[in-house]
Amino acid sequence: QVQLVESGGGLVQPGGSLRLSCSASGNIVELSAMNWYRQVPGKQRELVATASRDGRTTYTDGVKGRFFISRDNAKNTVYLQMNSLQPEDTAVYYCHVPMVRDPTGYTFNYWGQGTQVTVSS
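Calculation notes
Residues numbered from 1 in each chain as written. Predicted model: local features only at pLDDT ≥ 70, side-chain atom pairs only at ≥ 80, totals over all residues. Heavy atoms only, no water. Helix = DSSP H or I, 4+ residues; strand = E, 2+ residues; numbered from the N terminus. Rg over C-alpha atoms; globule rule 2.2 N^0.38 Å. Buried < 20%, exposed > 50% of the residue type's maximum accessible area, 1.4 Å probe, protein only. Contact = heavy atoms within 4.5 Å. Core = buried A, V, L, I, M, F, W, Y, C linked by side-chain atoms within 4.5 Å. Pairing = 2+ DSSP bridges. Axes fitted to C-alpha atoms, helices over the stretch in contact; angles between N-to-C directions. Phe/Tyr/Trp six-rings, centres within 6.5 Å; stacked < 30°, edge-to-face > 60°. Lys NZ or Arg CZ within 6 Å of the ring centre and 35° of its normal. Salt bridge = Lys/Arg side-chain N within 4 Å of Asp/Glu carboxyl O.

Peer 1: Is there a simple way to explain the overall build of the protein chain in this structure?
Peer 2: When its secondary structure is counted, the protein chain shows zero helices and 12 strands. Counting from the amino terminus, helix and strand elements in the protein chain follow one another as β-β-β-β-β-β-β-β-β-β-β-β. Taking 2.2 N^0.38 as the reference for a compact globule, 121 residues should give roughly 14 Å; the C-alpha atoms of the protein chain span a radius of gyration of 14 Å, in line with that estimate. Along the first, second and third principal axes, the C-alpha set of the protein chain runs to 50 × 25 × 20 Å. The buried share among the 121 residues of the protein chain stands at 41%. Counting contacts in the protein chain only where the partners sit at least 6 residues apart, residues at least 24 apart contribute 55% of the total.

Peer 1: Any chance you could explain the nonpolar core here in plain terms?
Peer 2: What tends to happen in soluble globular proteins is that the nonpolar side chains get buried as a cluster. With 29 residues, the main nonpolar core has L4, W36, F67, L80, M82 and Y93 as its most contacted residues. Among the secondary structure elements, those contributing two or more residues to this core are β1 (2–7), β3 (18–26), β5 (34–39), β6 (46–51), β8 (67–72), β9 (77–82), β10 (91–102) and β12 (115–119). Here this core takes five residues from β10, the largest share from any one element. Not counting the four nearest positions on each side in its chain, Y93 is found in contact with E6, L20, W36, Y37, R38, V48, F67, L80, M82, G114, T115 and V117.

Peer 1: For this particular structure, what's the right way to read the sheet that holds β9?
Peer 2: Sheet strands pair by backbone hydrogen bonding; their relative direction is either parallel or antiparallel. Pairing is antiparallel in the open sheet, where four strands are placed in the order β1-β3-β9-β8. The outermost strands of the open sheet, each flanked by one partner alone, are β1 and β8. In this sheet, neighbouring strand axes are inclined to one another by 15° on average, regardless of whether the strands run parallel or antiparallel. Pairing of β1 with β3 involves six bridges; the strand directions are antiparallel. In the sheet register, L4 faces β3, and the bridge partner there is A24.

Peer 1: Which parts of the structure should I look at to understand the packing of aromatic side chains?
Peer 2: By the definition in use, this model includes two aromatic pairs. Ring geometry for Y94 against W111: centres 6.4 Å apart, planes inclined by 85°, an arrangement best described as edge-to-face. With Y94 in strand β10 and W111 in strand β11 (residues 105–111), this pair connects stretches of sequence that are 17 residues apart. Ring pairing ties together the aromatic residues Y37, Y94 and W111, which thus form one cluster. The ring of Y94 carries the charged tip of R45 above its face, separated from the ring centre by 3.7 Å.

Peer 1: Would you mind showing me how to read the pattern of salt bridges here?
Peer 2: Two side chains bearing opposite charge may form a pair once their charged atoms approach each other closely. By the definition in use, this model includes seven salt bridges. R38 is paired through a salt bridge with E46; the nearest N and O atoms lie 2.9 Å apart. Among the residues examined, E46 registers a relative accessible area of 31% and is labelled partly exposed. The structure contains a network of salt bridges with shared partners spanning R38, E46, R66 and D89.

Peer 1: Explain the environment of Q113 here, please?
Peer 2: Note that Q113 resides in the loop between β11 and β12. Sequence separation of Q113 and C95 is 18 residues, and the distance between their C-alpha atoms is 8.0 Å. In contact with Q113, other than residues within four places in its own chain, are L4, V5, E6 and Y94.

Everything listed here is a matter of coordinates, which is why it stays silent on function.
Set out below in structure tokens:
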């Protein structure tokens, strides 16, 4: 089994920055794309950013130019640098890995426990 552990959430003032980290542990040969989602109570979980294994990145429109996703394949870790944070960025942020290759094959759909990000003055 694979575990995803997130860190880096917290309370920040509007205009501030936070950096989220998500580390995968377990019997891992290779991780697929790594994603960050966020969810506000009463709303669907939203895909925020994706980093493919070869480093390509995509973002939802509302965070382009403010959020930056990166990954360290040697450490099985993905990061989300969040700048110019606004109150509407307040949410629980989740790390997601769609597919993991282990020595025996593939397993699918792993989620972290979530980390709260609150943007407020």
